[in-house]
Amino acid sequence: MKNYKPLLANVAAQVIFGLAFFFIKMGMAVVNQDTVKFLSFRFGLGFFVMTAIVLLGIKKVDYKRSLPGLLLLCGLFNPCISQILETASTSYAPTSQISMYGSMQPIVMMIFSALINREYPSRRQLLFVWVCVAGVFVANLAGVKSTGMTTIGLLLIIGTNLVLAVNRVLVRRASAAFGSFEIIYVTTGMGALLFNLLSVGKSAAAGTLGSYFDGLFCARFGVSVLYMGIASCVCAFLLMTYASANLPFAVYASTCTINTVVSILSGVFLLHETFLPVQVFGTIIIVAGVIGISLSYDKTDEKGNRFQMKK
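Residues numbered from 1 in each chain as written. Predicted model: local features only at pLDDT ≥ 70, side-chain atom pairs only at ≥ 80, totals over all residues. Heavy atoms only, no water.

Draft legend 1. Structural detail: the pattern of salt bridges. Per the counting criterion, the structure on display carries 1 salt bridge. Notably, a salt bridge pairs lysine 202 with aspartate 34, separated by 3.6 Å at the nearest N-O pair. Separated by 168 residues along the polypeptide, lysine 202 in helix α9 (residues 180-206) and aspartate 34 in the loop between α2 (20-30) and α3 (35-55) bring together distant segments of the chain. Residue classification places lysine 202 among the exposed residues on the basis of a relative accessible area of 51%. (Salt bridge = Lys/Arg side-chain N within 4 Å of Asp/Glu carboxyl O. Helix = DSSP H or I, 4+ residues; strand = E, 2+ residues; numbered from the N terminus. Buried < 20%, exposed > 50% of the residue type's maximum accessible area, 1.4 Å probe, protein only.)

Shown next as structure tokens:
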């Protein structure tokens, strides 16, 4: 019997990530586009929740099995670098453009996976990868001419995709020695430490420490931080890390395009953006590609997976 749990885990993670831009924009508007301050609350809450889980004995962590250097490298790329780039990009580029360029991430991930982990997709899997990516581009054709993109925004988006691609390949390698929770606990802790030090230091220098927590009294900011700190920062990353360790890489990379579809739908229903026929057609292509990848997920692929979780 085929094991679809990792596949479903990544689908769930991508749905959560697909809604992230809506909540990021909501929270950033309250703190006047202060990227570091928003991230400090987000990752601070995420690390607090995960620490509580450890202290209550719900989850255990053990970092004695392998050198922690790889985990620190994972945390450096994401969240320390990637989240600053990604969150800042929402202030300089429209969501449709961010989603369009983000659709290139599966290809970038596969290139880095081949270079770093020497994992290569089968021809059938590669075919459906291109189907998914083509669907993403078709769905975003309506947004290519939209206004709002800046040079800074474009550079931030490209940088985000490169850094995230490297991170997810490294996380896949780290999962051979550490469990999903152990990986995310370290990387979230690194983000919480870095962003809070930067944010508090910035507020202290500006003499605004007295009003540092004012944003929490705003319902929109509270909802944004709760979603990004718990649903996205903890739940989605745990699901994605589990999927990364247990899926053939082509399957994992391709299903990451689902978040683009969710971003489009959230834009229509939450941000009241126009949903044109070309976007409907692109969405259908993406779903067809995901179905094709799912059908190509068999026991042969499972045996070829080199980085299985040990816990």
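Draft legend 2. Focus on helix α10 (residues 219-246). End to end, α10 covers 38 Å across 28 residues, agreeing with the expected 40 Å (1.5 Å per residue, within 8%). Within α10, the axis deviates most sharply at alanine 236, by approximately 30°. (Expected span 1.5 Å × (residues − 1). Bend = angle between axes of the 7 residues up to and from the residue.)

Draft legend 3. Focus on the side chain of threonine 255. Structurally, the position occupied by threonine 255 is in helix α11 (residues 249-255). One polar contact links threonine 255 to asparagine 10, side chain to side chain, over a distance of 2.6 Å. At 3.0 Å, the side chain of threonine 255 and the backbone oxygen of valine 251 are in polar contact. Every residue in contact with threonine 255, bar those within four places of it in the chain, is listed here: Leu7, Asn10, Gln14 and Val290. (Polar contact = N/O pair within 3.5 Å; in protein donor to acceptor, adjacent residues only side chain to side chain. Contact = heavy atoms within 4.5 Å.)

Note that every value here comes from positions in space, so none of it alone points to a role or purpose.
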